[in-house]
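Working through the structure, step by step
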Amino acid sequence: MVSAAEMLSVAAFIEGDHAQAFPSFGSERMGAPVVAFCRIDDKEIRLREPVMSPDALIVQDSTLLHQVDLFSGLDTRGYLLINTRRSYQDLGLGDYVTRFPPHHICTVAATEWAREFVGRPFPNAALLGAFAAVTYRVKLESVEAAIRRRFPGKLGEDNAAAAAKAYDSIRTN
Amino acid sequence: MLKQIEGSFAVAEAIALCRPEVICAYPITPQTHIVERLSELVRTGDVGNCQYINVESEFAALSVAIGASAAGARAYTATSSQGLLFMAEAVYNASGLGLPIVMTIGNRAIGAPINIWNDHSDSMALRDAGWIQLYAETNQDAVDLHIQAFRLAEQLSVPVMVCEDGFILTHACEQVDMPDSEQVDSYLPPFEPVQVLDPAEPITMGAMVGPEAFTEVRYLAHHKHLRAIEVIPELSTEFEHIFGRNTGGLIEPYRSEDAETVIVALGSVVGTIKDVVDEMRDEGVSLGAVKVVSFRPFPLLALREALQNAKRVIVVEKCLADGLGGIVVGSVRMSLRGTSTPVYTIIAGLGGRAITKKSLRRAFNEAVADRLEDPHFLDLDWKVIDHELARSQEKRRSGPIAENILRELGLVGGKPV
């Protein structure tokens, strides 16, 4: 998640924006619930508080949905992306998501795309591709470039392919 | 070159550009990424003629830096929190011996209770240890201040700490204009020590000095800091000529010239404060801010001048002197001595508590109405305080406060003792 926020900030940077990515500071370790933030603006970002009212929320692990209050600051004009193969009804979000404009919400099987394209269950790249498709805030090319910068060589190419697949699957629907 | 880069990596690359000859450090959160990256840069030959020395503790890290500096090498180390305390004796030795070591502090709280998050307790604990202390607002500041720090340290033969907020800066990925080696080389000449351990020309460093001369030696250390008050702005101006950025200096005023209320702060919270100043100005509140870059030496006159039109001053600080209140505020009041300007203290961000615009606005509005208590503890949960105080009155063996409060808040299992 921390890498995802960083890569998103790099994608925005590539497009000439200012971006600030930072983790929810603390004892990060694999498997523990982690929050990471990214701000994007066309001017210098001076604010250092955590993002409390996001314009977009990406849920990497849907098992957290009913354990942590993920939606407290999310405005219903915002965007919501969930990494899952399940439906909103299955996730218990059937009523909640009706508050959003339909094209602002999205489920994406990012872990499956990652398994298919990268061979490992790391959904960051596919989620960022989906983010680009849903929000129009960054271009897919910038996300791909940020991914390649983070992971040089084949790993970067495979992750970029996962991002493109997630992007295409949303834009063609 | 503009880069989107994690703060720690930007600082490590800046240090590499300064061509240190000896780096010795012991990893501690949140400083770790800096020294890890530097060890890579040394291994790959990107730091030139530099030796990276692994040591067994922070005490050893700074002791090795002292030895290296005494032998005429440009020496660097970095630490945080308990690590700084563990090297405390060596911290005084470095300044007492007049060795121009540069050390990064990734600012973090001090335990107990153990806490890995950001505040300024660590560097503030050693504010009077004879080191110059510069505080970074952004990662750009952190990069630029380190380059200026080597120049300043070596020009005056005094060690310099560059303090940057742990996690908030060290772990933030943001845009930094990275200097190139030609720029740094033209700004920072090779280290020319004023004293060097050389078997061919033996000298004593650290001679024992009795009452007959100790005060004079100490005065001369003070004198170096007074010189630094003059040198820091000069080096900042020269830096701007070469790098095109006006960073460093003693203080940085922000919309404060005509402001009735002026906020004084240091470190990354200044960015949030600038946003609040803009918002409240738009609403008609006469507000400004002054960033203190150099906390030691403290720019008494520059700050006094910057605050001369203020009707009131608010100091926002991330540290606490138990039984007194703020730490920074004492120096601010010193700069205002003889005036009747009221000064308020806001203690904020201890142990990593987020300092939000919303809470700052509320406190600033109270201060503007002259209703703020001094010191004010931002977002202090009085319910928890009152409950714990009442509970501790009930019985003698009331147990550890930290654990009791965690249980009260439901953060650990079980009930308070």
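Conventions and cut-offs
- Residues numbered from 1 in each chain as written.
- Chains lettered and ligands numbered in written order.
- Predicted model: local features only at pLDDT ≥ 70, side-chain atom pairs only at ≥ 80, totals over all residues.
- Heavy atoms only, no water.
- Helix = DSSP H or I, 4+ residues; strand = E, 2+ residues; numbered from the N terminus.
- Rg over C-alpha atoms; globule rule 2.2 N^0.38 Å.
- Buried < 20%, exposed > 50% of the residue type's maximum accessible area, 1.4 Å probe, protein only.
- Pairing = 2+ DSSP bridges.
- Right-handed = clockwise from strand over helix to strand, strands pointing away.
- Axes fitted to C-alpha atoms, helices over the stretch in contact; angles between N-to-C directions.
- Contact = heavy atoms within 4.5 Å.
- Buried area = accessible area lost by both parts, 1.4 Å probe.
- Salt bridge = Lys/Arg side-chain N within 4 Å of Asp/Glu carboxyl O.
- Polar contact = N/O pair within 3.5 Å; in protein donor to acceptor, adjacent residues only side chain to side chain.
- pLDDT = per-residue confidence, 0-100.
- Core = buried A, V, L, I, M, F, W, Y, C linked by side-chain atoms within 4.5 Å.

1. Comments concerning the overall build of chain A
Along the backbone of chain A there are five helices and five strands. Along the chain direction, N to C, the helices and strands of chain A fall in the order α-β-β-β-β-β-α-α-α-α. For 173 residues, the compact-globule estimate of 2.2 N^0.38 gives 16 Å, and the C-alpha radius of gyration of chain A, at 15 Å, lies within 12% of that figure. The principal-axis extent of the C-alpha atoms belonging to chain A is close to 40 × 40 × 35 Å.

2. Here we look at unusual backbone geometry
Residue and element names in this part refer to chain B. Looking along the chain, the bond that leaves T29 and enters P30 is cis, with omega of 0°. Structurally, P30 is set in the loop between β2 (22-25) and α2 (32-43). A cis amide bond, omega 0°, links R296 with the succeeding residue P297. Here P297 is to be found in the loop between β12 (294-296) and α11 (300-306). At R19, a position not held by glycine, the phi torsion is positive, near 50°. The topology assignment puts R19 in the loop between α1 (7-17) and β2. Phi is positive for S81, close to 45°, though the residue is something other than glycine. Relative to the helices and strands, S81 resides in helix α4 (residues 81-86). A residue is classified by how much of its surface remains accessible, and S81, at 0% relative accessible area, is buried.

3. Remarks on the pairing of strand β7 (residues 160-165) of chain B
Residue and element names in this part refer to chain B. Of all six residues in β7, six are buried; the element is thus mostly enclosed. What you see with β7 is no split at all: V160, V162 and E164 on one side and M161, C163 and D165 on the other are buried throughout. Relative to β7, strand β5 (residues 102-107) is paired through six bridges, and the arrangement is parallel. By the bridge assignment for β7, T104 is matched with V162. Chirality of the crossover, the property in question, places the unit of strand β6 (residues 132-135), helix α7 (residues 139-156) and β7 among those that are right-handed.

4. What to know about the sheet that holds strand β4 (residues 79-83) of chain A
Residue and element names in this part refer to chain A. Across the sheet, three strands lie side by side as β3-β4-β5; this open sheet has parallel pairing. Where the open sheet ends on each side, the last strands, each with one partner, are β3 (56-59) and β5 (105-108). Direction aside, neighbouring strands of the sheet carry axes that sit 10° apart on average. With respect to the sheet, helix α3 (residues 124-135) is in contact with β3, β4 and β5, its orientation differing from that of β4 by roughly 150°.

5. Details of the interface of chain B and chain A
Contacts between chain B and chain A engage 27 residues on the former and 21 residues on the latter. In total, chain B and chain A occlude about 2,000 Å² of area from one another, counting both sides; carbon and sulfur atoms represent 55% of this. Considering only the side of chain B, the residues that lose the most area to chain A are B:Q4, B:C173 and B:Q175, jointly responsible for 27% of the buried surface there. The tally of links from chain B across to chain A stands at three salt bridges. B:D275 is the partner of A:R46 in a salt bridge, and the nearest nitrogen-oxygen pair spans 2.9 Å. Counting across the chain B and chain A interface gives 10 residue pairs in polar contact (both at pLDDT 80 or more). When residues of the side of chain B that touches chain A are traced back to their parent elements, those giving at least two are β1 (2-6), β8 (173-177) and α10 (269-282) of chain B. Ranked by residue count, the leading element in the side of chain B that touches chain A is α10(B), at five residues.

6. Here's the deal with the confidence of the model for chain B
Per-residue confidence for chain B gives a mean pLDDT of 97, with 99% of residues at or over 70. What the predictor reports for the complex is a pTM of 0.96 with an ipTM of 0.94.

7. Let's talk about the nonpolar core
Counting residues in hydrophobic clusters, the biggest one holds 103 residues, and the most contacted among them are B:Y76, B:V91 and B:V332. The element contributing the most residues to this core is α7(B), with nine residues. The residues touching B:Y76, leaving out its near neighbours within four places in the chain, are B:V11, B:I15, B:P20, B:V22, B:I23, B:C24, B:I34, B:L38, B:V102, B:T104, B:H146 and B:F150. Membership of the second largest hydrophobic core comes to 32 residues, among which are A:C106, A:F131, A:I147 and A:I170.

8. What to know about the pattern of salt bridges
Residues and elements named next belong to chain B. Within the structure shown, the criterion is met by 39 salt bridges over all chains. Ionic pairing is found between D128 and R127, a salt bridge with its closest N-O pair at 3.6 Å. Taking relative accessible area as the criterion, D128 reaches 45% and is therefore assigned partly exposed. We classify R127 as partly exposed; its relative accessible area is 24%. For E137, the salt bridge is made with K274, and the minimal N-O distance between the two is 3.0 Å. One end of the pair, E137, is in the loop between β6 and α7; the other, K274, is in helix α10, and 137 residues separate them in sequence. Comparing E137 with K274, the two get one shared label, buried. A single network of salt bridges, built from pairs that share partners, joins E137, D141, E252, K274 and K291.

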